[in-house]
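Analysis of the macromolecular model
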Amino acid sequence: MGEGEVIVVITRSFVSPRAAAAGGLIGATACALALCASGASGASAVAARTISLNETGHLHLTSHHGFKLNEQGTASGTIRGSIYIHLNVTSTNRVTAEVNIYPHNGSLTGYGTASYRSNGGQATFSGTLSISRGTGSYAHAHASRLSFTGTIQRSNDATTVHLNGKLSV
Amino acid sequence: MRHRAAATLTAAAALSACAAAPATTAVGAGVPEQASLHASFSPNRLGASTTISFGFHLATAEGLAPPPLTSVVLHMPAGMNYTLTTLGLAICQPAVLQAKGVRGCSPNSRLGSGSALVEVPFGTGSGHEIPEIQALMGPPTRNGDMVVLFYANGQTPVFAQLVFAGEVLPDTGAFGSQLATTVPLIPSVPNGPDVSIVSVDSTIGPSHLTYYKHVHGRLRSFHPLGIGVPEHCPRGGFPFTASFVFQDGSQASASTTVPCPPPVRHRHHR
């Protein structure tokens, strides 16, 4: 017998109708309790999944303040949804970023740092990002050192971003 | 590389030279050089896209032309905002610039312009102007740092087209970035002494710059956005410092500040 199982045994013999009804109620209650027990133990018994995250986001500038560019767009790949990035150009060759992705069943939030280089009309960044929190189906999401790369068109700050790596959900 | 023999001074002369030039620093066994620096923002407004104008003047304590300059590092104030600037949307390759001049490079690679005054070792001391100095965006370094190419088109006393590069690097403390430029030696005549740079004035910014872009198949002109003036002005103004190294190993430095912009008056309409 596995953990959380309840076996109800009803021995057939002469059972009066009242006794049979009581037995049925006991049996039903036992079954219900068994189902609850299996349901409760089922939540803890389901192991966290690890998925290979392969995301591409295409974003446009919505606003800027000081050294921060606020971008919004669409993410596609393993997870589809809206994506928002706050890019902070902390120096001539470094950026930090907060990334938020909103699929239909939750959200993911991560923070990253990257080297930044400007090459004429296009700037590129390359670094790592960690997923630190989520909601909904991603409430237990966690990832560290995801590959975080992208390009920024300097003429209009349109951004393409790529996220790759293992994500625990 | 030719090396100029270092001149020597008595200790008393060296001390008097230092005392007469409180704004400069002389290091090394050579004749102390004097340096002065000036800088400005146009417009000088917090957070605004701006054109940075800077310039320096070099001389010996006796007012003579200094030894040839080999490097200059310009330290710029913290908070300069490179985030939104659209300067340098194209790259100019140094080899193309050397071969064809600025016309060989896209107008969208231009960053600014200026002029310089040079002196030959046997000159009269009045200096010779190089009227055309252009600053253009060069290919980034292997580390990804921005590069500013300076193109000097000299006619007299030396007919030469020079290309030299400055690397934009992060800085610390009161300075957020620095432009570190290696200056090539400029021969006055073949196998002769090198020319001395007496002064340089240049700009980095959109003033007098026109870029071009294709919009719906048509070429449209526009003015790029410059580097942003810091959002906050430190007490005393925005600091700039330049350090110079000369062929004989001597060094000098100079500092200046751009005054804080006047506060913006907000009109209240009733």
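Residues numbered from 1 in each chain as written. Chains lettered and ligands numbered in written order. Predicted model: local features only at pLDDT ≥ 70, side-chain atom pairs only at ≥ 80, totals over all residues.

A closer look at the overall build of chain B
Within chain B one finds two helices and 14 strands. Residues counted as buried form 43% of the 270 residues belonging to chain B. Within chain B, contacts between residues separated by at least 24 positions form 63% of all contacts whose residues are at least 6 apart in sequence. (Helix = DSSP H or I, 4+ residues; strand = E, 2+ residues; numbered from the N terminus. Buried ≥ 20, exposed ≤ 12 C-beta atoms within 10 Å, placed from the backbone. Contact = placed C-beta atoms within 7 Å.)

Quick look at the overall build of chain A
Scanning chain A for helices and strands turns up one helix and eight strands. Counting from the amino terminus, chain A carries its helices and strands in the arrangement α-β-β-β-β-β-β-β-β. Counting every position in chain A, which comprises 169 residues, the buried fraction comes to 25%. For chain A, the proportion of contacts with a sequence separation of at least 24, taken over those separated by at least 6, is 40%.

Observations regarding the sheet that holds strand β2 (residues 68–77) of chain A
Residues and elements named next belong to chain A. One closed barrel holds the eight strands; their spatial order is β1-β2-β3-β4-β5-β6-β7-β8, and the pairing between them is antiparallel. Across the sheet, the axes of successive neighbouring strands diverge by a mean angle of 25°, strand direction being ignored. Inspection of the sheet shows strand β4 (residues 94–102) paired to strand β5 (residues 106–119) by eight bridges, in the antiparallel sense. Note on β5: the bridge partner recorded for Glu98 is Tyr111. (Pairing = 2+ DSSP bridges. Axes fitted to C-alpha atoms, helices over the stretch in contact; angles between N-to-C directions.)

Thoughts on the pairing of strand β7 (residues 160–170) of chain B
All names here are of chain B. In terms of strand pairing, strand β6 (residues 147–154) meets β7 through eight bridges, oriented antiparallel. Note on β7: the bridge partner recorded for Tyr151 is Val163. Relative to strand β8 (residues 175–182), β7 runs antiparallel, the two being bridged by five bridges. Note on β8: the bridge partner recorded for Val168 is Leu179. Between β7 and β8, which pair antiparallel in sequence order, lie four residues; one of them, Gly173, sits at a positive phi of approximately 70°.

Thoughts on the confidence of the model for chain B
Residues and elements named next belong to chain B. Scored by pLDDT, chain B comes out at a mean of 84, with 82% of its residues at no less than 70. Taken element by element, the predicted model of chain B shows its lowest mean pLDDT in helix α1 (residues 11–19) (35) and its highest in strand β13 (residues 238–246) (97). Under a pLDDT of 50 for its full length, residues 1–29 has, in the predicted model, 43 contacts with residues more than four places off or in other chains. Both scores are available for the predicted complex, with the pTM at 0.78 and the ipTM at 0.76. (pLDDT = per-residue confidence, 0-100.)

Let's talk about the nonpolar core
Within soluble globular proteins, side chains that are nonpolar tend to cluster in buried spots. In terms of nonpolar packing, the biggest core is built from 89 residues, with Leu136, Val148, Leu149, Tyr151 and Phe244 of chain B touching the most fellow members. Beyond its immediate stretch of four places on either side in the chain, Leu136 of chain B contacts Cys92, Leu97, Val102, Cys105, Ser109, Arg110, Leu111, Leu149 and Tyr151 of chain B. (Core = buried A, V, L, I, M, F, W, Y, C linked by C-beta atoms within 7 Å.)

Quick look at the pairing of β8 of chain B
Across seven bridges, the pairing between strand β3 (residues 69–77) of chain B and β8 of chain B is antiparallel. Within β8 of chain B, the position partnered with Pro77 of chain B by the bridge is Phe175 of chain B.

Thoughts on the confidence of the model for chain A
Note that predicted coordinates carrying low pLDDT should not be read in detail. Across chain A, the average pLDDT comes to 81, with 72% of residues at 70 or higher. The low-confidence segment residues 19–24 of chain A (pLDDT under 50) makes three contacts with residues lying over four places distant or belonging to another chain.

Remarks on unusual backbone geometry
With an omega of 0°, the peptide bond running from Ser42 of chain B to Pro43 of chain B counts as cis. Tracing the chain through its elements places Pro43 of chain B in the loop between β1 (33–42) and β2 (49–60). Unusually for a residue other than glycine, Arg145 of chain A sits at a positive phi of about 55°. By secondary structure assignment, the location of Arg145 of chain A is in strand β7 (residues 143–153). Arg145 of chain A gets classed as exposed once you count the C-beta atoms within 10 Å, which come to 12. Even without being glycine, His208 of chain B reaches a positive phi, approximately 65°.

What about the environment of Cys105 of chain B?
Residues and elements named next belong to chain B. Checked against the element boundaries, Cys105 lands in the loop between α2 (94–100) and β4 (110–119). For the pair Cys105 and Ile91, spaced 14 residues apart in sequence, the C-alpha to C-alpha distance is 7.8 Å. Those residues in contact with Cys105, other than ones at most four positions away along the chain, are Cys92, Val96, Leu97 and Leu136.

Remarks on the environment of Leu53 of chain A
By secondary structure assignment, the location of Leu53 of chain A is in strand β1 (residues 50–65). Along the sequence, Leu53 of chain A and Phe125 of chain A sit 72 residues apart, while their C-alpha atoms lie 19 Å from each other.

What to know about the environment of Ile101 of chain A
By the element assignment, Ile101 of chain A lies in strand β4. Expressed as a C-alpha distance, the spacing of Ile101 of chain A and Gly134 of chain A, which sit 33 residues apart in the sequence, is 9.2 Å.

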